[in-house]
Amino acid sequence: MSNAQRLDNVENNLETVKQLLVSTTSYAESADKRIDRLVERQNLTQRQLDGLAVTVQVMGEKIDRVVEKIDRFVEKTDDFIDTTKARNAVLDGVILELREGQMSTNAAVERFDRILEQLLKRNE
């Protein structure tokens, strides 16, 4: 092979290397831009996750307060139920006493009525 052919061959190889370098550079720049976009998306996603974490924390605190209120309500309701049961027991006792008293009163009235009838018959 002559020097001219060798020179042409070297120039062709250099042109090929040059094209490969330009292509590689272009690919690297494109990849770098994609990486930058991915980093931006990752940062946006992280900010959204941070916002969600705050939202979840706030919701958890609100839920805790609601649960505390429910617990207090249940406690007051239990106290009310216990008090109502006690009052009902007292009222049942009073009603029983009233019934017994009414029965005694009815018996006394009936007895008094019989006595009056007997007295009226004697005076006739």
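Everything quoted here is computed from the prediction, not taken from an experiment.

(A) Spatial organisation of the overall build of the protein. The secondary structure content of the protein amounts to one helix and zero strands. Compactness check: the protein gives a C-alpha radius of gyration of 52 Å against a globular reference of 14 Å for 124 residues, more than 25% above the reference. Taken along the three principal axes of its C-alpha coordinates, the protein extends 170 × 20 × 20 Å. Per-residue burial over the protein gives 1% buried out of 124 residues. Carbon and sulfur atoms provide 58% of the accessible area of the protein, an area that totals close to 11700 Å². Averaging the positions of the 19 positive and the 23 negative side-chain charges in the protein gives two centres separated by 2 Å.

(B) Broad picture of the environment of Arg-111. Residue placement: Arg-111 occurs in helix 1 (residues 3-123). On the accessibility criterion, Arg-111 (54% relative accessible area) is exposed. In sequence terms Arg-111 and Arg-122 are 11 residues apart; their C-alpha atoms lie 17 Å from each other.

(C) Geometry of a negative patch on the surface. On the surface, a cluster of negative charge is contributed by Glu-61, Asp-64, Glu-68, Asp-71, Glu-75, Asp-78, Asp-79 and Asp-82. Topologically, Asp-64 is positioned in helix 1. The class of Asp-64 is partly exposed, set by a relative accessible area of 47%.

Criteria and cut-off values
- Residues numbered from 1 in each chain as written.
- Predicted model: local features only at pLDDT ≥ 70, side-chain atom pairs only at ≥ 80, totals over all residues.
- Heavy atoms only, no water.
- Helix = DSSP H or I, 4+ residues; strand = E, 2+ residues; numbered from the N terminus.
- Rg over C-alpha atoms; globule rule 2.2 N^0.38 Å.
- Buried < 20%, exposed > 50% of the residue type's maximum accessible area, 1.4 Å probe, protein only.
- Areas by Shrake-Rupley, 256 points an atom, 1.4 Å probe, with all protein chains shown as cover.
- Lys, Arg positive; Asp, Glu negative; His and termini not counted.
- Charge placed at Lys NZ, Arg CZ, Asp CG, Glu CD.
- Patch = residues over 30% accessible without salt bridge, like charges linked within 9 Å, V, L, I, M, F, W, Y side chains within 5 Å.
- Salt bridge = Lys/Arg side-chain N within 4 Å of Asp/Glu carboxyl O.

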